[in-house]
Amino acid sequence: MSRHVFSGNPLDRGDVERRDEDWLKQAARDPRSRFLPLWQLNILLQNIPLTKLGWLKPTDIEKLAFDDPPVFLGLMNGIPHFAVDVSALTEPLQELGLEETWSFVEARSAASQLTPEDVGILAQGKAQVDWHRRHRFCGLCGGATQPARGGQVRKCIQCNSEHFPRTDPVAIMVVTDGERALLGQSRGRLARSGRYSALAGFIDQAECIEEAVRREVKEEAGITVGEVRYHSSQPWPFPYSLMIGCHGKAVTTDIAKDDEEMTDVRWFTREEVLSSLAGRNPNLRLPDPVAIAHHLITAWAEEKVLF
Ligand SMILES: [Zn+2]
């Protein structure tokens, strides 16, 4: 199986270099260095005419004042790459001196226009900038925090504690009963678009992946799950999740859905799912290939998951 959208970032994250503050300072001024601006979490793109990430040079941003120094993303062919939060600007394109071929684009929409490698970089930049925006103060003492190690840590200036970038694990699973798969429609985005997808939920503290799969399916659908198998995972930078894709074998089949979270949960036959994937089933809309759910559903429908 090919890798999922948002993975495949080609940058070397430069763990040795980022621990050297002098190296970082020099890299930020290096004329070869590239800076990817994010404005209110929208990504700068350039259309020339193909759409690319909108990399700027150090001289393009040196006169602007930012809350935080740029985040060091990593190296490619020895060239330092950074993300920079330019949300403080009122008219970002104008203030950065950019013409009409440049634009700030929402991450999901940008992802659909870029190469897989650029989408991987976009995911890292967005997740890191978003995390920094949300962690300006220490959770222990309330003091201000400052980034270090090129953005891989924030240190409290008052109590010295270190805070590291978060990744929130989400279990996402297709539960099956022989020739049927359990799919649901959660309130919100899925219900609005009329799609059915894999069930999913955040993994709790002190819970393993298998336990999270069984608990979420029990809560959302009232179904008991036995065997659980890992399939694949996907970084999901909204704001910084990791989707952990699994298949589960149903032990019970009577659905009792969680009315608060779900508008519908149903068993669909393999035939219904296959015809939907082939674009021949107007009664069942499934997630697009950008989402891991699409691939979990497809793997089961094509009989690549055997319990
Ligand atoms: Zn503190």
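This text gives an overview of the structure that appears in the document. Given the structure is predicted, the values throughout are model-derived calculations rather than measurements.

Counting its regular elements, the chain contains 9 helices and 15 strands. Projected onto the principal axes, the alpha-carbon positions of the chain cover approximately 65 × 50 × 35 Å. In the chain, of all internal contacts separated by at least 6 residues, the share reaching a separation of at least 24 is 65%. For the chain, the accessible surface area stands at approximately 15,400 Å², while carbon and sulfur atoms represent 49% of it. Of note, the chain has its 36 positive side-chain charges centred 1 Å away from the centre of its 43 negative side-chain charges.

The coordination sphere of the zinc ion, as far as protein atoms go, consists of Cys138 (SG), Cys141 (SG), Cys156 (SG) and Cys159 (SG), spread over 2.3 to 2.4 Å. Note that the zinc ion binds 4 donor atoms; their angles at the metal cover 97 to 114 degrees, and the shape is tetrahedral. Sequence spacing of the donor residues for the zinc ion, all on one chain, is C-x2-C-x14-C-x2-C. Cys138 gets classed as buried once you look at its relative accessible area, which sits at 5%. The class for Cys141 is partly exposed, based on a relative accessible area of 34%.

Now for the packing of helix α8 (residues 270-277) against helix α9 (residues 292-301). Where α8 contacts α9, the axes come no closer than 10 Å and their chain directions differ by 125 degrees. Classed by the angle they form, the pair α8 and α9 counts as oblique. When you trace α8 past α9, the crossing you get is left-handed. Taking contact as the criterion, the partners of Arg270, Val273, Leu274 and Leu277 in α8 are, on α9, His294, Ile297, Thr298, Trp300 and Ala301. Here the residues of the contact of α8 with α9 are counted per class, giving 6 nonpolar, 2 polar and 1 charged.

Counting across every chain of the model gives 21 salt bridges. Residue Arg136 is joined to Asp68 by a salt bridge in which the shortest nitrogen-to-oxygen separation is 3.1 Å. With Arg136 in the loop between α5 (116-134) and β7 (145-148) and Asp68 in the loop between α2 (58-61) and β4 (71-76), this pair connects stretches of sequence that are 68 residues apart. Measuring nitrogen to oxygen at the nearest pair gives 2.7 Å for the salt bridge that ties Lys257 to Asp259. Connected via shared salt-bridge partners are Asp204, Glu207, Arg215, Glu216 and Glu219.

Take the nonpolar core next. By size, the foremost hydrophobic cluster in this structure holds 43 residues, and its most contacted members are Ile43, Leu53, Leu122 and Val273. For this core, the secondary structure elements donating two or more residues are β1 (34-39), β2 (42-47), β4, α4 (107-111), α5, β10 (168-177), β11 (180-186) and α9. If one sorts the elements of this core by residue count, α9 sits on top with 7 residues. Excluding residues that lie within four positions of it along the chain, Leu53 makes contacts with Leu36, Ile43, Leu44, Leu45, Gln46, Leu114, Asp118, Ile121 and Leu122. Ranked by size, the runner-up nonpolar core spans 19 residues in total, among them Met173, Ile223, Ala250 and Trp267.

Using the criterion set out here, one finds 8 aromatic pairs in the structure. The interplanar angle of 90 degrees and the centroid separation of 5.4 Å between the aromatic rings of Phe6 and Trp236 together place this pair among those described as edge-to-face. Note that Phe6 is positioned in the segment before α1 (21-29) and Trp236 in strand β13 (residues 225-236), a separation of 230 residues in sequence. Like Phe6, the residue Trp236 is buried in the burial classification.

Let us look at empty space enclosed by the protein. Using the criterion set out here, one finds 1 cavity of 30 Å³ or more in the structure. Of the pockets and cavities examined, the largest cavity occupies roughly 60 Å³. Lining the largest cavity we find Asp68, Pro69, Val71, Ala83, Val84, Asp85, Val129 and His132. At 3 residues, the largest contribution of residues to the lining of the largest cavity is made by strand β5 (residues 79-85). Here the residues of the lining of the largest cavity sort into 5 nonpolar, 1 polar and 2 charged.

Cut-offs applied
- Residues numbered from 1 in each chain as written.
- Predicted model: local features only at pLDDT ≥ 70, side-chain atom pairs only at ≥ 80, totals over all residues.
- Heavy atoms only, no water.
- Helix = DSSP H or I, 4+ residues; strand = E, 2+ residues; numbered from the N terminus.
- Contact = heavy atoms within 4.5 Å.
- Areas by Shrake-Rupley, 256 points an atom, 1.4 Å probe, with all protein chains shown as cover.
- Lys, Arg positive; Asp, Glu negative; His and termini not counted.
- Charge placed at Lys NZ, Arg CZ, Asp CG, Glu CD.
- Donors = N, O, S within 2.8 Å, 3.2 Å for Na, K, Ca; no water.
- Tetrahedral: all angles 85-135°; square planar, octahedral: opposite > 155°, others 65-115°.
- Buried < 20%, exposed > 50% of the residue type's maximum accessible area, 1.4 Å probe, protein only.
- Axes fitted to C-alpha atoms, helices over the stretch in contact; angles between N-to-C directions.
- Parallel < 35°, antiparallel > 145°, perpendicular 65-115°, else oblique.
- Left-handed = near helix turned anticlockwise from the far one by under 90°.
- Nonpolar A, V, L, I, M, F, W, Y, C, P; charged D, E, K, R; others polar.
- Salt bridge = Lys/Arg side-chain N within 4 Å of Asp/Glu carboxyl O.
- Core = buried A, V, L, I, M, F, W, Y, C linked by side-chain atoms within 4.5 Å.
- Phe/Tyr/Trp six-rings, centres within 6.5 Å; stacked < 30°, edge-to-face > 60°.
- 1 Å grid on protein atoms, 1.4 Å probe; cavity = no way out; pocket = protein on both sides within 12 Å on 5 of 7 lines; lining within 4 Å.
- Points joined across faces, edges and corners; volume = space filled by probe spheres on them.

So far we have only geometry, and geometry alone does not tell us how the molecule works.
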